[in-house]
Amino acid sequence: MMTLEQRQAWAEYFVQNGINFRFFSAELAKELNEAKGNAFDGLEDEAEESEEDTDSESADSEVEEELEAQGEKLARETKKVDLQDEKDADEQWVDEEKVGAEAELDGVPLPVAEQTRILTTDDLEALFLKHSPAAPEGAEASEVPRRKTSIGLVGYPNVGKSSTINALLGAKKVSVSATPGKTKHFQTIHLSDRVILCDCPGLVFPNFATTKAELVCNGVLPIDQLREYTGPAALVAQRIPQAFLEAIYGMKIQMRPIEEGGTGFPTGEEVLKAYARARGFSTQGLGQPDQSRAARHILKDYVKRKLLFCHPPPQEPPIDAHHFNRDLYD
C-alpha cells in the first residue's frame, strides 16, 4: 500500500503532466467488503437467537436498524482511511498549496486531501457514472435508448485488473491468480444497470519494456518458468534494505568487504545464498546453496507484496528510491 507521502509525490507528477488520476485499492476494498459481510452474518446469527424470545417482525426490524448503523459506521471509517502516522501527516512531501491549486476535476480545483484519498467502491462507481456520455441535447428521455457505460480495465498482466472488478462487485466474479495471464478472454460484467466492466487479458508491449528482469519483478512474466534469475534477484537486492531482508527471513547476509571490492550493499547472489542457507536449500551432488530455488521464493514474495517497494515518480534530479520507501520498512 502506498504511503501518504508517496501518493502526494505521484499526485504532483500527474498534475504537472496533465494526467487525470484517482487512487483506489482493490485490497482495501476487499477488506471492507469482508468486514461488511462478517457484520451482516453476525447480525443474522443474533437475529436467529433472539427469535425464541421476541416476535419475528420486531427482530427483523432490529436487524435492519443494526445493519444500517453498521453500514454507516463502515462508510465513515472508509472515508477516514489514512494509512499514515501523525508524523506523516505533518511532514508533507509536496507543497499543498501548489498541488491543490493545479489539480482539477471538471474544472473544479481538488484539495490535497481529496487528491490523495483512496476511493471506495461507491466513489469509483460514482466517478464512472459522472464521466459517462450524456444524452443528446433536446432529446426526451423516452426517445433516447438507455445505454450503459462500458469501462475497460487494461494493463500489464497481474496488475490487479480482475481484483479491482471483484472488489467493485463485492464478490469473486472473475478468476484471480498470482500467476500472470490468468485472464484468457475478454469478459464483460454488469456492475449496475448503467455500468459494464470489461476485464481484458494482460497486454505486454516489449518495445516499451525496460528489461526482462523488470518484467519479472513487475509480475508480468511467470516466475516458475524463469531460467535466468540473477537479474531479477539483483533488482530485489537493490530495492529492499538489507536489514529488512535479514529481519523478515531470519538470515544473515554475508557481503564482500569493501576493501575486497564490495560496494557496501548486498548483491543478488549474496541474498540468494543467505536465503538458501537459512532454509536449507542445497543442490544435489556438491551441496551448494540452491540459488535458483531461493530466487523463486524471494521473487514470489516480492510480486505478492510481502517485500514492498514503490517506484518514485520520474524527475530531475531523480528521487532517491530508498528515501522514498523509508516508511515502508519501519
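Just so it is clear, the model here is predicted, and its values are computed rather than measured.

Asker: Could you clarify how one ought to interpret the overall build of the chain in this entry?
Answerer: Within the chain one finds 14 helices and seven strands. The 330 residues of the chain split such that 37% are buried. Taking all contacts inside the chain whose residues are at least 6 apart in sequence as the whole, residues at least 24 apart take part in 59%. Total accessible area on the chain is roughly 20300 Å²; 49% of this is exposed by carbon and sulfur atoms.

Asker: Would you take a moment to explain helix α11 (residues 242-249) for this structure?
Answerer: Note: α-helices contain 3.6 residues per turn, so residues at a spacing of three or four share the same orientation. Every buried residue belonging to α11 is among Leu245, Glu246 and Tyr249, and all of these are buried. Each buried residue of α11 lies within a common arc of 95 degrees when the element is viewed along its axis, so the set occupies one face. Of the exposed residues in α11, those oriented more than 90 degrees away from the buried face are Ala243 and Ala247. On its buried face, α11 sits against α12 (268-279) and α13 (291-303). Residue Gly250 follows α11 closely and has a positive phi angle near 60 degrees.

Asker: Got a minute to help me understand the sheet that holds strand β6 (residues 187-190) in this structure?
Answerer: Hydrogen bonds between backbone groups are what pair the strands of a sheet, and the pairing can be parallel or antiparallel. As summarised here, the arrangement of the three strands in space is β5-β7-β6, forming an open sheet in which the pairing is mixed. Each edge of the open sheet is held by one strand with a lone partner, namely β5 (149-153) and β6. Recorded for the sheet is a direction-independent mean angle of 25 degrees between the axes of neighbouring strands. Packed on one face of the sheet, helix α8 (residues 161-169) meets β5, β6 and β7 (195-199) and runs near 155 degrees to β7.

Asker: Please explain the nonpolar core as it appears in this structure.
Answerer: Soluble globular proteins tend to pack their nonpolar side chains together in the buried interior. Grouped together as the largest cluster of nonpolar side chains are 30 residues, with contacts concentrated most on Val236, Ile240, Leu245, Met251, Ile298, Leu299 and Leu307. For this core, the secondary-structure elements that each account for two or more residues are α9 (212-217), α10 (230-239), α11, α12 and α13. The leading source of residues in this core is α13, at six residues. Those residues in contact with Met251, other than ones at most four positions away along the chain, are Leu245, Glu246, Val271, Ala274, Tyr275 and Ala278. Core analysis: the next-biggest nonpolar cluster, separate from the first, contains 12 residues, Leu153, Ile165, Ile189 and Leu197 among them.

Asker: I'm lost on the packing of α12 against α13 in this one. Help?
Answerer: The axes of two packed helices give the description: the angle between them and the distance between them. For the pair α12 and α13, interaxial distance at closest approach is 8 Å and the crossing angle is 95 degrees. Our classification of the angle between α12 and α13 gives roughly perpendicular. Touching Glu269, Val271, Leu272, Lys273, Tyr275 and Ala276 of α12 are Gln291, Ala294, Ala295, His297 and Ile298, all from α13. Within the contact of α12 with α13, the residues separate by chemical class into seven nonpolar, two polar and two charged.

Asker: Just checking my understanding: could you explain the side chain of Arg239 for this structure?
Answerer: In this structure, Arg239 sits in helix α10. The exposure class of Arg239 is buried, given its relative accessible area of 8%.

Asker: I keep staring at unusual backbone geometry and nothing clicks. Help me out?
Answerer: Comment: phi is negative for the bulk of residues other than glycine, and the bulk of peptide bonds are trans. Of the consecutive residues Glu316 and Pro317, the connecting peptide bond is found in the cis state with omega at -10 degrees. Considering the arrangement of structural elements, one finds Pro317 in the loop between α13 and α14 (321-324). In this structure, Arg305 takes a positive phi of about 70 degrees despite not being glycine. Structurally, Arg305 is set in the loop between α13 and α14.

Asker: Looking at this structure, how should I read the packing of α10 against α12?
Answerer: Where α10 meets α12, the axes come as close as 7 Å, and the angle between the chain directions of the two elements is 90 degrees. The angle between the axes of α10 and α12 places the two elements in the roughly perpendicular class. Residues Ala233, Ala234 and Ala237 of α10 pack against Gly268, Val271 and Leu272 of α12. For the contact of α10 with α12, the residue count by class is five nonpolar, one polar and no charged.

Asker: Explanation requested: the pairing of β5 in the structure shown.
Answerer: Along any regular strand the residues' side chains alternate between the sheet's two faces. Residues Thr149, Ile151 and Leu153 line the buried face of β5, whereas the alternating positions Ser150 and Gly152 sit on a face that is not buried. In this sheet, β7 lies alongside β5 in parallel orientation, the contact comprising five bridges. Counterpart to Gly152 in the pairing with β7 is Cys198.

The rules we used
- Residues numbered from 1 in each chain as written.
- Predicted model: local features only at pLDDT ≥ 70, side-chain atom pairs only at ≥ 80, totals over all residues.
- Heavy atoms only, no water.
- Helix = DSSP H or I, 4+ residues; strand = E, 2+ residues; numbered from the N terminus.
- Buried < 20%, exposed > 50% of the residue type's maximum accessible area, 1.4 Å probe, protein only.
- Contact = heavy atoms within 4.5 Å.
- Areas by Shrake-Rupley, 256 points an atom, 1.4 Å probe, with all protein chains shown as cover.
- Arc of directions from axis to C-beta.
- Pairing = 2+ DSSP bridges.
- Axes fitted to C-alpha atoms, helices over the stretch in contact; angles between N-to-C directions.
- Core = buried A, V, L, I, M, F, W, Y, C linked by side-chain atoms within 4.5 Å.
- Parallel < 35°, antiparallel > 145°, perpendicular 65-115°, else oblique.
- Nonpolar A, V, L, I, M, F, W, Y, C, P; charged D, E, K, R; others polar.

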